[in-house]
Amino acid sequence: MSLADTARSMGKAFRTFGVAAALTFGTQALAAAPAAPVAAEAAAPVAAAPAAAASDSAAPAVAAEAAPVDKGYYTPMKPTAGKGQPVDKGWTFQDQYSPIGEEGLWMHDVILMPIIVAISILVLVLLLVVMAKFNKRANPVASKTSHNTLIEVIWTLVPVLILVVIAVPSIRLLAHQYDPAPKGALTVKVTGYQWYWGYTYPDNGGFEVISNMLPDEDAVKNGEPAQLAVDNRMVVPAGEPIRIQTIGSDVIHAFAVPSLWFKLDAVPGRINEKVLFIKEPGVYYGQCSELCGARHGYMPIAVEALPRDKFEAWVKTQPGGTVGAAPAAPAA
Ligand SMILES: [Cu+2]
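Quick caveat: nothing in here was measured; it's all calculated off a predicted structure. (Residues numbered from 1 in each chain as written. Predicted model: local features only at pLDDT ≥ 70, side-chain atom pairs only at ≥ 80, totals over all residues.)

1. A closer look at the overall build of the protein chain
In terms of regular secondary structure, the protein chain is built from eight helices and ten strands. A total of 332 residues make up the protein chain; the buried ones form 26% of that total. Taking contacts inside the protein chain between residues at least 6 apart in sequence as the whole, the part at least 24 apart equals 67%. (Helix = DSSP H or I, 4+ residues; strand = E, 2+ residues; numbered from the N terminus. Buried ≥ 20, exposed ≤ 12 C-beta atoms within 10 Å, placed from the backbone. Contact = placed C-beta atoms within 7 Å.)

Written out as structure tokens, the structure reads:
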């Protein structure tokens, strides 16, 4: 590697990692970098301040935190039967584990289904009444009635009112689904490939996790659903908004996880963005939901939500994984 290359890559690394990263990887990074003096000056006051301010009893803890190598830890979580995955003989939505999912499911269960069922029953009853009362046998002489202003006003106004009643929560739900992520939210870039997924963590050093479907035998051996289990999951923190950006590397894919009420196209040459908020830790499965070629059916999605500290421990197990950015405040 030439000196210019070294300088360029180190410059890029420092922009990405920030001061906190420089602290974590302090000694090795600084020793190797031509740009070290600047970074060291920037980092030194931050490092020195807590140590100076700390009392004697706290000092060992600070020293331990500054230990140069923290490799993190991670053991794949066992999925919970019936949570974040399809269930036997399931015929409606999966249980929802995100606020937007709860709102969407409420829209379906409380607004749409009752109105649809009521209208269907009303129309069926009206049809039966008409068939029984107004047939040729019951009325040999046909009525000449052709207009009734009151009835016509009613059957125009009632459907309008029904549509207004549906429109209010429907438009509200639509808007909520595209609320932008708050400032400081963790970003995960999801790339659809033919035929697997890549998860890039730009806030944590920019590493990419490549995720392929596990063979059926391996999935079953792990206690996971066949054809939904993957070798490397998309690991994210639970209980905070995450900015998901999707893009396709070759053709259009769609990143979809039913139990999180999440579906977003991954289109080549375009970044789509949407907030993912997972209420509690767990493993949530999904699939590519845009016909993308021969193995479209074999590029499942497995999202593992962990508490913040365990997520950060996982980040440290990844090549170049760094932790620094503070988590965003949960959305109201
Ligand atoms: Cu696909």
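2. Topic: helix 8 (residues 308-317)
Of all the positions in helix 8, only Lys310, Phe311, Trp314 and Val315 are classed as buried. Buried positions in helix 8, seen along its axis, are confined to an arc of 150° and lie on one side of it. (Arc of directions from axis to C-beta.)

3. So, the pairing of strand 10 (residues 300-306)
Within a regular beta strand, the side chains point alternately toward one face of the sheet and then the other, so they alternate between its two faces. Most of strand 10 is tucked away: seven of the seven residues are buried. Going residue by residue along strand 10, you find Pro300, Ala302, Glu304 and Leu306 tucked away on one face and Ile301, Val303 and Ala305 tucked away on the opposite face as well.

4. Observations concerning the sheet that holds strand 2 (residues 196-200)
In spatial order, the strands read 3-2-1-5-8; together these five strands make up an open sheet with mixed pairing. Each of the sheet's edge strands pairs with one partner strand only, and the pair in question is strand 3 (208-211) and strand 8 (272-277). Ignoring which end each strand starts from, the neighbouring axes of this sheet average 25° apart. Relative to strand 5 (residues 241-248), strand 1 (residues 186-193) runs parallel, the two being bridged by seven bridges. Looking across to strand 5, one finds that threonine 187 is bridged to arginine 243. (Pairing = 2+ DSSP bridges. Axes fitted to C-alpha atoms, helices over the stretch in contact; angles between N-to-C directions.)

5. As for the sheet that holds strand 7 (residues 262-266)
Taken in spatial order, the five strands line up as 4-10-9-6-7 in an open sheet, and their pairing is mixed. The outermost strands of the open sheet, each flanked by one partner alone, are strand 4 (234-237) and strand 7. With direction set aside, neighbouring strand axes in the sheet form an average angle of 25°. Where strand 9 (residues 282-288) lies against strand 10, six bridges are found, and the strand directions are antiparallel. By the bridge assignment for strand 10, glutamine 287 is matched with proline 300. Lying over the sheet, helix 8 contacts strand 4 and strand 10, oriented at roughly 140° with respect to strand 4.

6. Some words on the confidence of the model for the protein chain
A residue-level look at the protein chain finds 77% of positions with pLDDT of 70 or above and a mean pLDDT of 83. Confidence over residues 10-63 falls short of pLDDT 50; this stretch has 38 contacts with residues more than four positions distant or in other chains. (pLDDT = per-residue confidence, 0-100.)

7. As for the nonpolar core
The biggest cluster of nonpolar side chains holds 50 residues, and the ones touching the most others in it are Val188, Met234, Val236 and Ala302. Among residues more than four places away in sequence, those in contact with methionine 234 are Val188, Tyr199, Val209, Ser211, Ile301, Ala302 and Val303. (Core = buried A, V, L, I, M, F, W, Y, C linked by C-beta atoms within 7 Å.)

8. A look at helix 5 (residues 99-133)
Between its first and last C-alpha atoms helix 5 spans 50 Å; for 35 residues at 1.5 Å apiece the expected length is 51 Å, and the two agree. The largest bend in helix 5 is about 35°, located at leucine 112, with the proline proline 114 one to four residues further on. (Expected span 1.5 Å × (residues − 1). Bend = angle between axes of the 7 residues up to and from the residue.)

9. Topic: unusual backbone geometry
Put simply, glutamine 194 and tryptophan 195 share a cis peptide bond, and its omega is 0°. Considering the arrangement of structural elements, one finds tryptophan 195 in the loop between strand 1 and strand 2. One non-glycine residue, tryptophan 261, lies in positive phi territory at about 55°. Note that tryptophan 261 resides in the loop between strand 6 (253-257) and strand 7.

10. Some remarks on the environment of proline 237
Mapped onto the elements of the fold, proline 237 is located in strand 4. A count of 22 C-beta atoms within 10 Å places proline 237 in the buried class. In this structure, the C-alpha to C-alpha distance between proline 237 and alanine 305, residues 68 residues apart in sequence, is 5.2 Å.

11. Some words on the packing of helix 5 against helix 6 (residues 149-177)
Relative placement of two packed helices is described by the angle separating their axes and the distance separating the axes. At a closest axis distance of 10 Å, the pairing of helix 5 and helix 6 adopts a crossing angle of 165°. One way to sum up the angle between helix 5 and helix 6 is to call them roughly antiparallel. Judged by the sense of rotation from one axis to the other, the crossing of helix 5 with helix 6 is left-handed. Here helix 5 contributes Ile100, Glu103, Gly104, Met107, Ile111 and Ile115 to the contact with helix 6, which in turn contributes Ile162, Ile166, Pro169, Ser170, Leu173, His176 and Gln177. Counted by class, the contact of helix 5 with helix 6 contains eight nonpolar, four polar and one charged residues. (Parallel < 35°, antiparallel > 145°, perpendicular 65-115°, else oblique. Left-handed = near helix turned anticlockwise from the far one by under 90°. Nonpolar A, V, L, I, M, F, W, Y, C, P; charged D, E, K, R; others polar.)

12. Re the environment of threonine 75
With respect to the helices and strands, the residue threonine 75 is situated in the loop between helix 4 (59-65) and helix 5. The exposure class of threonine 75 is exposed, given the 7 C-beta atoms found within 10 Å. Sequence separation of threonine 75 and lysine 310 is 235 residues, and the distance between their C-alpha atoms is 9.8 Å.

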